[in-house]
Amino acid sequence: KCKFVTGITINTAIIPLSRPKILVCFGLYTPPALGCPGAATLISCSWRSSCKIKGMHIAQITCYQFRLPFQDPIWFAGRRVSERHGLLLAVAGEDGRVGWGEASPLPGYSRESLTDAMAVARLHATQLCASTVDAAQQQLTPNTVGLPSVYFAYERALHAVAPENAQRRRTLPLCALLSGDADAVCAQALQARHAGYATVKLKVGVRPLAEDIVLVGELRRRLGAACRMRFDANQAWTLEEALRFCDAVGDANVEYLEEPLADPAQLPELHARTGLPCAVDECLQALSACLFMGDHNTPRPDVAALRAVIDAAQVLVWKPTVCMPPDCMGLSGNAPVVLSAAYESGVGTAGILQYAAGREEDAPAPGIDTYSRLTHDVLPVRLPVETSVADMEAIAHALQAPDAARLNEAWHVS
């Protein structure tokens, strides 16, 4: 049983290692999530460096389609959807190790379709097979891939084949998503409080403004002062409506207000007049599309405006399925990043949690509650994320090979 280590203790002496290594017992690889080796086991272990794994060649890449039903139909950009359709990419190294990644464009939000993602993923598969893992990671960049969902899938799959660094965080506090009518939201808020959630998120802007204000007041009474609240308006309000909301709810327990304005250019003014932290999500997605999915030879006058809004934001909300990494966009600000899910299966949801676990200890809680809206999963055992804190070791245990009965092979390249 092995895991990443950064030093070996022998007779109380610590030998530092310049890079994390993977411990291989008796010449056989054991997944890192299975725990630390005992002292007696160390005598029979040999080293396999991460550099050697990066030099390993990719043997084959397979794409699978899946369909998972939602517990209740969900509206995506005016479309009623009852199933989540997506792709899984399985990247196999020459040593037999397989890394999984998910490419599941979100209908109505992703710029690419599922058909686009399948075709682009296959194009890159033909170029990657027989190359080394290191060469593949260098070749697959946001600029060369173009589609966020495909980049997310390949990046996570290659990372699983040749992991580089141990995660910084062993546990992650999670954010609960409150949805439905007012009665349902209040009931979910009480459940979240009893479950120990320190952060909740509420969709606003879908009800009349006065009802949103009353509902927020009721949530405050039910959640108490210890729970922080995020409000997401999905660009539903005018500046005047957003000011009314902010004046009514105040800043007590508000972590941030996400995309409140139909005109995002007014976000800096809203923050200046209210003092409430403002987060960007759709703006980040729009910049990602301009930078990585368009014709780079065509002038895009909206890029400068988008950058100005994003750089002035206090929080960046990043959905890897629909947006390239903020670190790749040349942003000048240093706002914290909140990882957020977009109804991915357990494979994609685990990838998002892995991203979050690699960030600083005080990084904001990720929002992956959309996973709970799926009736089934591609994984044989669902991810253990029903509580307020995710245990990353337990997540790694659950992230095993998907259930073949729930997958249909789309293509295979070797």
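Criteria and thresholds
Residues numbered from 1 in each chain as written. Predicted model: local features only at pLDDT ≥ 70, side-chain atom pairs only at ≥ 80, totals over all residues. Heavy atoms only, no water. Helix = DSSP H or I, 4+ residues; strand = E, 2+ residues; numbered from the N terminus. Buried < 20%, exposed > 50% of the residue type's maximum accessible area, 1.4 Å probe, protein only. Areas by Shrake-Rupley, 256 points an atom, 1.4 Å probe, with all protein chains shown as cover. Salt bridge = Lys/Arg side-chain N within 4 Å of Asp/Glu carboxyl O. Phe/Tyr/Trp six-rings, centres within 6.5 Å; stacked < 30°, edge-to-face > 60°. Pairing = 2+ DSSP bridges. Axes fitted to C-alpha atoms, helices over the stretch in contact; angles between N-to-C directions. Contact = heavy atoms within 4.5 Å. Parallel < 35°, antiparallel > 145°, perpendicular 65-115°, else oblique. Left-handed = near helix turned anticlockwise from the far one by under 90°. Nonpolar A, V, L, I, M, F, W, Y, C, P; charged D, E, K, R; others polar. Expected span 1.5 Å × (residues − 1). Disulfide = S-S within 2.5 Å. 1 Å grid on protein atoms, 1.4 Å probe; cavity = no way out; pocket = protein on both sides within 12 Å on 5 of 7 lines; lining within 4 Å. Points joined across faces, edges and corners; volume = space filled by probe spheres on them.

Colleague: Summarise the overall build of the chain; cite the residues concerned and give the values.
Modeller: Of regular secondary structure, the chain possesses 14 helices and 17 strands. Residue burial in the chain is summarised as follows: out of 414 residues, 50% are buried. When the accessible surface of the chain is totalled, it reaches about 18400 Å², and 53% of it is carbon and sulfur.

Colleague: Run through the pattern of salt bridges, naming residues and quoting values.
Modeller: This model, assessed by the stated rule, comprises 13 salt bridges. In this structure, E258 and K201 form a salt bridge, with 3.2 Å as the shortest nitrogen-oxygen distance. With a gap of 57 residues between them, E258 in strand β12 (residues 254–258) and K201 in strand β10 (residues 199–203) connect regions that are remote in the sequence. K201 shares its class with E258; the two are buried. The shortest N-O distance in the salt bridge between K319 and D281 comes to 2.4 Å. Taken together, the positions of K319 in the loop between β14 (315–318) and β15 (337–339) and D281 in the loop between β13 (278–280) and α11 (282–292) put the pair 38 residues apart, joining distant regions of the chain. Taking the relative accessible area as the measure of exposure, D281 reaches 2% and is therefore buried. A single salt-bridge network, built from bridges that share partners, covers K201, K203, D232 and E258.

Colleague: Could you give an account of the environment of A252, with specific residues and numbers?
Modeller: Position of A252 among the secondary structure elements: in the loop between α9 (239–249) and β12. Considering only alpha carbons, one finds A252 and L276, 24 residues apart in sequence, at a separation of 9.7 Å.

Colleague: Give a description of the packing of aromatic side chains that names residues and reports values.
Modeller: What the rule picks out here adds up to nine aromatic pairs. Aromatic pair F152 and Y355: ring centres 5.8 Å apart, planes at 35 degrees, arrangement tilted. Here the residue F152 occupies a position in helix α6 (residues 148–161), and Y355 occupies one in helix α13 (residues 346–357), the gap between them amounting to 203 residues. Its relative accessible area of 14% is what places Y355 among the buried residues. Site record: aromatic cluster; members linked through ring pairs are F70, F76, Y109 and Y343.

Colleague: Any chance you could break down the sheet that holds β12 for me, citing the residues and the numbers?
Modeller: If you walk across this open sheet you meet the seven strands as β9-β10-β11-β12-β13-β14-β15, and the pairing is parallel. The sheet terminates laterally at β9 (175–178) and β15, the two strands that pair on one side only. Mean inter-strand twist for the sheet, computed between neighbouring axes without regard to direction, equals 25 degrees. Bridging between β9 and β10 involves four bridges; their strand directions are parallel. If you follow C175 over to β10, its bridge partner there is T199. Against the sheet, helix α7 (residues 182–195) touches β9 and β10, its axis set at about 165 degrees to β9. In the packing of helix α8 (residues 209–223) onto the sheet, contacts are made with β9, β10, β11 (228–232) and β12, and the angle to β11 comes to roughly 155 degrees.

Colleague: Can you lay out the packing of helix α3 (residues 114–128) against α6 for me, pointing to particular residues and giving the numbers?
Modeller: Viewed as axis vectors pointing N to C, α3 and α6 meet at an angle of 40 degrees, and their least axial separation amounts to 9 Å. As the angle between them shows, α3 and α6 are arranged oblique. Relative to α6, the crossing made by α3 is right-handed. Residues A117, V120, A121, H124, A125 and L128 of α3 form the contact with α6, whose own contacting residues are S149, V150 and Y154. For the contact of α3 with α6, the residue count by class is seven nonpolar, two polar and no charged.

Colleague: Break down the packing of α6 against α13 for me, with residues and values.
Modeller: Each pair of packed helices can be described by the angle between their axes along with the distance between the axes. Where α6 contacts α13, the axes come no closer than 11 Å and their chain directions differ by 70 degrees. What the angle tells us is that α6 and α13 run roughly perpendicular. Only G348, G351, I352, Q354 and Y355 of α13 make contact with α6, whose side of the interface consists of F152, E155 and R156.

Colleague: Break down α13 for me, citing the residues and quoting the values.
Modeller: Counted at 1.5 Å a residue, the expected span for α13 with its 12 residues is 16 Å, and the 16 Å between its end C-alpha atoms agrees. Buried residues dominate α13, accounting for 11 of its 12 residues. Within α13, the full set of buried residues consists of G346, V347, G348, T349, A350, G351, I352, L353, Y355, A356 and A357.

Colleague: Report on the state of the cysteines, specifying residues and quantitative values.
Modeller: Two cysteines whose sulfur atoms are joined by a covalent bond form what is called a disulfide. Applying the stated rule across the entire model yields zero disulfides. In this structure C227 is a free cysteine whose sulfur lies 8.2 Å from that of C175, the closest cysteine sulfur available.

Colleague: Residues and numbers for the layout of surface pockets, please.
Modeller: Counted as a void, the second largest pocket has a volume near 1100 Å³. Lining of the second largest pocket is provided by 47 residues; of these, I74, L177, S179, K203 and Y343 occupy positions nearest its centre. Taken together, the elements giving at least two residues each to the lining of the second largest pocket come down to β5 (58–76), β9, β10, β11, β12 and α11. A per-element tally of the lining of the second largest pocket places β5 first, with seven residues. When its residues are assigned to classes, the lining of the second largest pocket shows 25 nonpolar, 10 polar and 12 charged.

These values are about where atoms sit, not about what they do.
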